[in-house]
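Topology and contacts: notes
Residues per chain are reported as follows:
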Amino acid sequence: MLFELLISLIIGATLIGVGVHFIPVGGAPAALSTSAGIPTGAPMITMGMGITGVLSAAMMLDQPYYVMIVSGAVGSMIMISVTMLFSNLVHIYGVGVPPSSSNFEKDPITGFEQEDYVSPGTKGHGIPTISFISGLIGSFLGGIGGSIAFTSIYSILSTNLHNSMITNGTIATIFSLLLFFIVAVMASYNIRGTIQGFHDEKFKQKILPGTISCLLIAAVLSLFYVLIIWGLING
Amino acid sequence: MDILLNMMLVAFMGLIAIIAGMFEDLESDVASTSNPNSQVQLAPEIGNLHKLFNRAISGEPLLVGTMATISGTVAYVLFTLEYPVILVLLLSSLVATMIQVVWSASSYMGRITSQALYNQPLFLDVLKKHLPVIAAFAFITLFSITTLSYIMTYLLNPAVPITLPVVTMLMGITLGSIGSAVGDIHYGAEKLYQNYEFGSGTPVSVNGNIATKSALGSRSSIDVVKFCSKFGGPMTGLCFSIIIFLNFWIYLVFGKIGGLIAGLIIVLSFLIFNTLIERKARLKYGKYEKK
C-alpha cells in the first residue's frame, strides 16, 4: 500500500518536472516584451497551473480515480490556455507587437516566419502557436502529475484514517501542492532563464538532465512523503 | 433547483473573480510589485531618479497567496465564533490589508534607502499618496478572494472539500500568477517605456531608461494605475474570471465525463483563437525594418 503510494508519487512528481520544461517561460524579460514566453517565472506559473488542476481533481472526489486524474489535467490545461491567450491579447493590443520568437526560424504548425516579426534588440514577444501547444502539453503532464499525487495521497488517507472528507482533502491538497513548489523550482533552475517549448533548441539540451534530476528529487521527496503519511496513519 | 442555485453561484463567482483580478493587477501596478519592478529598481542606477512607488515583498503569487491566507484564516476563526458572514468577510480582509500596507511601507523605504548610493531620494509624499491607494486596492482584492473562497467552501453544492484558509491560499496564488503573467505586460512593456515608440518590444540596451516625466511634472504610480486600468487590469480580471467560471461551469452543464470532453474542446478552441489573432496581428502590423 505504502509502496504503491511511493511509486505513484515518484511518477507524479517526475511528470510535473517534465511538464515544467514544456511550458514556454519568458520570466521577467517577457513582461517587458524583451523575450517570448509567459511573462513570469517558471515556478510561479507552475504553481498557478498546479493549483487549478488540484482544485479540479478535488471537486471529483466521488468519481473513479481515472476521472480525478484526467480532470486535474483538464483544469491545468484550461488555466494555462486562458493565461497564454490573454497574455497574447495584451501583447497584441496593449503593446502592439505580434507574437514571435527568435529561438526558432519558422513555426512548424502555422508556417509563420519568426525573425522578421521580432522587434530589433529583443528575443521576441508573446507566445507563438508552437509554444502555445507546448504549453498545453506541459500543463497536461503537470496536471496529470499533480492529480496522481493528490489522488494517491487522498485515497490512502481516506482508507486508513477516520477523518472527514474535508480534512483528508485538505491534507492531500497541501501535500500535492508542495510537490509542485519543490519540483518546479528544481526544473526552473535547470532551465535557467527562458525557454520556448519543445521546438526550442534549448529544450533538447535540457530535457534529459531535467528528467533525471526530477526523477531523483522525486524519489527523495516521495520517500519523505511516505514516512510522513506512515506516521499519520500509525502514529 | 440545486443546479439553478449552483449556476447562479458560479456566475456570481465569475463576477467576483473579475473584480479580484482587476484590482489585484492594479494594486501590483501602483506598487510596482512584480516583474517590471526590476526596471524601477534599475532606473536610479543609470541616473533616472523617479517618483514611482517601488515595492517587491516577494513574487506576486506568493504575496497575494500569503495575504489571502491571512484573510482566510481570520475569516475561519471568526466563522467558528459565529459572527455574521458579511462582518467576517469585511473584518478578515481589513486585517490582511493592514498587514499588506505595513509591508508595503517598510518595503518602499527599504528599497529606496538602498539606492541612496545613486542619490535617489525617499519622498514622503510618494509614501502618503500611494499607501491609501494600495490599501484600497488590496482590500478589494482580498475581500473578493475571501468571498470567492467562502462561496466555494460553504455555499456550492457539492462544495470544494478543502478548508477555507487553504482555498484562499489556492485562489491567492493562482490569481497572483495570472496577474503577473497577463496584466504586468501592459505596465512593464508599455507604460514604463512610454518614451519609446508604440508597437515594439523593449530592447535590452534601453533597460532602466524608464519614463519619469508625466504630462504635468514627475510621473507617479497613480498615473501608471490610471493608464493600466484601461486595459491591463480588466484583461487580468477577465482572464481569472474565465478560468474560475469554466472550471466549475463545464461540470455543472455537461456532467462529470461530459465536462472533461467539453473542457478539452474549449482548450482547443482557445488554441485556434490564439492562432487567429496571431495571424491577424502579423498581417496588420507587418514586418520590422532592419536597422
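A brief report on the enclosed structure follows. (Residues numbered from 1 in each chain as written. Chains lettered and ligands numbered in written order. Predicted model: local features only at pLDDT ≥ 70, side-chain atom pairs only at ≥ 80, totals over all residues.)

1. Some details on the overall build of chain B
Condition: Helix numbers and strand numbers start at the N terminus; a helix is a DSSP run of H or I with at least 4 residues, a strand a run of E with at least 2. In this setup the radius of gyration rests on C-alpha atoms only. A globule is expected at 2.2 Å times the number of residues raised to 0.38. Here a residue counts as buried when 20 or more other C-beta atoms fall within 10 Å of its C-beta, as exposed when 12 or fewer do, and as partly exposed in between; the C-beta atoms come from the backbone.
Across its full length, chain B holds 9 helices and 0 strands. Relative to the 2.2 N^0.38 estimate, which gives 19 Å for 291 residues, the radius of gyration of chain B is 21 Å and therefore close to what a compact globule would have. Counting only C-alpha atoms and orienting by the principal axes, one finds that chain B spans roughly 65 × 55 × 25 Å. Taken over 291 residues, chain B has a buried fraction of 52%.

2. Some remarks on helix α5 (residues 124–155) of chain B
To be explicit about the condition: Helix span, as expected, comes to 1.5 Å for every residue beyond the first. We define the bend at each residue as the angle formed by axes fitted to the 7 residues ending at it and the 7 residues starting at it.
The terminal C-alpha atoms of α5(B) lie 45 Å apart, and with 32 residues this matches the ideal 46 Å at 1.5 Å per residue to within 8%. B:His130 marks where α5(B) bends most, by close to 30°; the proline B:Pro132 follows one to four residues later.

3. Some points on the interface of chain B and chain A
To keep it simple, the criterion reads: Working definition of a contact: two residues with C-beta atoms, positioned from the backbone, lying within 7 Å. In this count, Pro and Cys sit with the nonpolar residues alongside Ala, Val, Leu, Ile, Met, Phe, Trp and Tyr, while Asp, Glu, Lys and Arg are called charged and the others, Gly among them, polar.
On the chain A side, the residues contacting the 62 residues of chain B number 69 residues. Looking at the side of chain B that touches chain A, the elements with two or more residues in it are α2 (37–42), α6 (164–181), α7 (183–191) and α9 (232–285) of chain B. Among the elements that make up the side of chain B that touches chain A, the one with the highest residue count is α9(B) (25 residues). Broken down by class, the residue content of the side of chain B that touches chain A amounts to 35 nonpolar, 20 polar and 7 charged.

4. A few points about unusual backbone geometry
Residues and elements named next belong to chain B. That bond from Asn 157 to Pro 158 is cis: its omega, 0°, falls within 30 degrees of zero. Relative to the helices and strands, Pro 158 is located in the loop between α5 and α6. A positive phi angle, near 45°, is found at Ser 32, a position not held by glycine. Structurally, Ser 32 can be placed in the loop between α1 (2–30) and α2. Given 28 C-beta atoms within 10 Å, Ser 32 falls into the buried group. Positive phi, normally seen in glycine, also occurs at Asn 119, with a value near 65°. Here Asn 119 shows up in the loop between α4 (85–113) and α5.

5. Quick notes on the environment of B:Asn35
Counting through the fold element by element, B:Asn35 comes out in the loop between α1 and α2. For B:Asn35, a count of 29 C-beta atoms within 10 Å corresponds to the buried category. Sequence-wise, B:Asn35 and B:Gly59 are 24 residues apart; in three dimensions their C-alpha atoms are separated by 8.1 Å. Each residue touching B:Asn35, except ones within four places of it in the same chain, is listed here: A:Ala28, A:Ala31, A:Pro39, A:Thr40, B:Ser180, B:Asp184 and B:Gly188.

6. Thoughts on the packing of helix α3 (residues 42–58) of chain A against helix α5 (residues 129–160) of chain A
Residue and element names in this part refer to chain A. Which entries qualify depends on this criterion: Only C-alpha atoms enter the line fits that serve as axes; for helices the fit covers just the stretch in contact. Angles between N-to-C directions range over 0 to 180 degrees. Any angle between 65 and 115 degrees counts as roughly perpendicular, while under 35 counts as roughly parallel, over 145 as roughly antiparallel, and the rest as oblique. Each helix crossing is assigned a hand: it is left-handed if the near helix lies turned anticlockwise from the far helix by less than a right angle, otherwise right-handed if that turn is clockwise.
Interaxial distance between α3 and α5 falls to 9 Å at its minimum, and their mutual angle equals 50°. As summarised for this structure, α3 and α5 are arranged oblique, according to the angle between their axes. By crossing handedness, the relation of α3 to α5 is classed as right-handed. Each of Thr 46, Met 49, Gly 50, Gly 53, Val 54, Ala 57 and Ala 58 in α3 lies in contact with α5, whose residues at this interface are Ser 139, Gly 142, Gly 143, Gly 146, Ser 147, Phe 150 and Thr 151. Residue composition of the contact of α3 with α5, grouped by class: 5 nonpolar, 9 polar and no charged.

7. Re the environment of B:Phe139
Residues and elements named next belong to chain B. Turning to its location among the elements, Phe 139 is positioned in helix α5. For Phe 139, a count of 21 C-beta atoms within 10 Å gives the class buried. Taking the C-alpha atoms as reference points, Phe 139 and Ala 56, separated by 83 residues in sequence, lie 18 Å from one another. Dropping the residues within four chain positions of it, Phe 139 is found in contact with Ser 93, Leu 94 and Thr 97.

8. Topic: the environment of A:Gln196
Here A:Gln196 lies in the loop between α6 (165–191) and α7 (201–234). Between the alpha carbons of A:Gln196 and A:Gly26 there is a distance of 7.7 Å; along the sequence they are 170 residues apart.

9. Regarding the nonpolar core
Going by this rule: For the purposes of this analysis, a nonpolar core is taken to be any set of buried Ala, Val, Leu, Ile, Met, Phe, Trp, Tyr and Cys residues that are connected through C-beta atoms within 7 Å.
Membership of the largest hydrophobic core comes to 154 residues, with the highest contact counts inside it found for A:Ala13, A:Ile153, A:Val183, B:Cys239 and B:Ile243. Look past the residues within four positions of A:Ala13 in its chain and what remains in contact with it is A:Gly145, A:Ala149, A:Leu179, A:Val183, A:Cys214, A:Ala218, A:Leu221 and A:Ser222.

Note that every value here comes from positions in space, so none of it alone points to a role or purpose.
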